[in-house]
Amino acid sequence: MTNHPYLRAFLAGAFVPTLILPLMLTGFIVLRMVLQVPFPFERGIIFPMALVPSLWALWNMLWLGSSERTHLTIGLHGALLPLLLMPCGALLATSLRILSIGEDGVTWFNAVHVSYTWIVPVFLAALAVYYLMWKYVVGFLNRTLGIA
Amino acid sequence: MNTRDTDRLKTLLQAALPPTRDDLPPRDLWPELRQRIASAPASPAPVSIPWFDWALAGGVALVAVAFPAAVPLFFYYL
C-alpha cells in the first residue's frame, strides 16, 4: 500500500478525537438538556469538535513528513501536541468566557476551579495521556494503514 | 429459431469469445498454501508495555483520582 500516505496519516490522526466526540456530545445532551445543568457547555464544545480532530490529523501528517529527519518517536511527537493545543484552547475558552483567570487559579464553566498549584500536575498528566495515546493508538493505526 | 440460425449464433459467439488457454501452474500450489496457513501464528504477538508507560498511566490515574475536576479538562483537549 503505497498510495496517498498523507491521506492515511490524516485519517489515522483524526481517529481518536472522532471516537471521543460522540461521547462528549452524549454527555453534553445529558447534562444540559436532561439534567438542565446551567453550564455553558455548548460554547466549550466548539474547540474539541471543530479544531482538535483536525489538529490531531495534521499533527500525524507532520510526523509522517518529519520523522525521517527528526527521528522522534510517535509517542514523543504526540506528547508535544498539548504544547500547541493548550494555549489555543485556553485562548478560545477565555474569549468565549468559559474560562476565567483569577488570582489563585482558573475557573472553567463558572464551576470547575483549578488552582495554580494543580495546573502543573494536570498539565504533566495531559502530556502523559497524549504520549500514551499517540504511542499505542495512533501508532497502531499508522502501522495498520502501512505508514509506520 | 431454426438450425441454421442456431449454427450462425454459435459461430458468432465463438468468434466473439477468445479461446481459453490452458494456464495451469507447473506444480500443485495447494500444499504450499496449507503450509503457510499452518505456520502462521494463531494470534498476534502480545504487545509488551515497558515499565515507564505503566508508571505514566499510574501517574495519570493518580491525578484523576486526586483531582477529578481534571477529567473534563482532558476531554476538552481530546
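Before any of the text, the structure's been laid out above.
In short, a report on the structure.

Reading the values: the criteria
- Residues numbered from 1 in each chain as written.
- Chains lettered and ligands numbered in written order.
- Predicted model: local features only at pLDDT ≥ 70, side-chain atom pairs only at ≥ 80, totals over all residues.
- Heavy atoms only, no water.
- Helix = DSSP H or I, 4+ residues; strand = E, 2+ residues; numbered from the N terminus.
- Buried < 20%, exposed > 50% of the residue type's maximum accessible area, 1.4 Å probe, protein only.
- Contact = heavy atoms within 4.5 Å.
- Areas by Shrake-Rupley, 256 points an atom, 1.4 Å probe, with all protein chains shown as cover.
- Pairing = 2+ DSSP bridges.
- Bend = angle between axes of the 7 residues up to and from the residue.
- Core = buried A, V, L, I, M, F, W, Y, C linked by side-chain atoms within 4.5 Å.
- Polar contact = N/O pair within 3.5 Å; in protein donor to acceptor, adjacent residues only side chain to side chain.
- Axes fitted to C-alpha atoms, helices over the stretch in contact; angles between N-to-C directions.
- Parallel < 35°, antiparallel > 145°, perpendicular 65-115°, else oblique.
- Left-handed = near helix turned anticlockwise from the far one by under 90°.
- Nonpolar A, V, L, I, M, F, W, Y, C, P; charged D, E, K, R; others polar.
- Buried area = accessible area lost by both parts, 1.4 Å probe.
- Salt bridge = Lys/Arg side-chain N within 4 Å of Asp/Glu carboxyl O.
- Patch = residues over 30% accessible without salt bridge, like charges linked within 9 Å, V, L, I, M, F, W, Y side chains within 5 Å.

## Looking at the overall build of chain A
What chain A contains, in helices and strands, is six helices and three strands. Written out in order from the N terminus, the α and β elements of chain A read α-α-α-α-α-β-β-β-α. Across its three principal directions, the C-alpha atoms of chain A cover 50 × 35 × 25 Å. Going through the 148 residues of chain A one by one, you find that 43% of them count as buried. Considering only intrachain contacts with a sequence separation of at least 6, the fraction spanning at least 24 residues in chain A is 64%. Looking at chain A as shown, the accessible area adds up to about 8,100 Å², and 73% of this sits on carbon and sulfur atoms.

## Here we look at the pairing of strand β3 (residues 112-115) of chain A
All names here are of chain A. With burial as the criterion, only one face of β3 is covered, namely that bearing Val112 and Val114; the residues His113 and Ser115 on the opposite face remain uncovered. When strand β2 (residues 105-108) meets β3, the two strands line up antiparallel, connected through four bridges. Directly across from Gly105, in β3, lies its bridge partner Ser115.

## Re helix α3 (residues 46-70) of chain A
All names here are of chain A. The largest bend along α3 measures about 40° and falls at Leu64. Every buried residue belonging to α3 is among Phe47, Pro48, Val52, Pro53, Trp56, Ala57, Trp59, Asn60, Trp63, Leu64, Ser66 and Ser67, and all of these are buried. The first or second residue beyond α3 is His71, which carries a positive phi of 60°.

## Quick look at the nonpolar core
Counting 44 residues, the largest nonpolar core has Trp56, Leu85, Trp108 and Trp134 of chain A together with Tyr77 of chain B as the members making the most contacts within it. Within the residue set of this core, elements represented by two or more residues are α1 (5-34), α3, α5 (81-95), β2, β3 and α6 (116-144) of chain A together with α3 (51-66) and α4 (70-76) of chain B. With nine residues, α6 of chain A is the single largest residue contributor to this core.

## Regarding the side chain of Asp53 of chain B
For Asp53 of chain B, the location among the structural elements is in helix α3. In terms of polar contacts, Asp53 of chain B uses its side chain to reach the side chain of Tyr136 of chain A, at 2.4 Å. Leaving out residues up to four positions away in the same chain, Asp53 of chain B has contacts with Tyr131, Leu132, Lys135 and Tyr136 of chain A.

## Describing the packing of α3 of chain A against α5 of chain A
Residue and element names in this part refer to chain A. One can describe the packing of α3 onto α5 by two numbers: an axis separation of 12 Å at closest approach and a directional angle of 160°. When the axis of α3 is compared with that of α5, the two are roughly antiparallel. Crossing of α3 against α5: the hand is right-handed. On α5, the residues touching Phe47, Val52, Leu55, Trp56 and Trp59 of α3 are Leu81, Leu84, Leu85, Cys88, Gly89 and Leu92. By residue class, the composition of the contact of α3 with α5 is ten nonpolar, one polar and no charged.

## Let's talk about the interface of chain A and chain B
With 31 residues of chain A at the contact, the number on the chain B side is 19 residues. Taken together, both faces of the contact between chain A and chain B bury some 2,200 Å²; the carbon and sulfur share is 81%. Looking at the side of chain A facing chain B, the largest losses of area belong to Trp108, Trp118 and Tyr136 of chain A, adding up to 22% of the total buried there. In this structure, the connection of chain A to chain B is made through one salt bridge. The shortest N-O distance in the salt bridge between Asp53 of chain B and Lys135 of chain A comes to 2.7 Å. Taken together, chain A and chain B are joined by two residue pairs in polar contact (both at pLDDT 80 or more). Tallying contributions element by element places α6 of chain A first for the side of chain A that touches chain B, with 13 residues.

## Observations concerning a nonpolar patch on the surface
Residue and element names in this part refer to chain A. The grouping of Ile29, Val30, Leu31, Met33, Val34 and Leu35 at the surface amounts to a nonpolar patch, some 530 Å² of accessible area in total. Among the secondary structure elements, Ile29 is positioned in helix α1. Residue Ile29 is classed as partly exposed on the basis of its relative accessible area, which comes to 41%.

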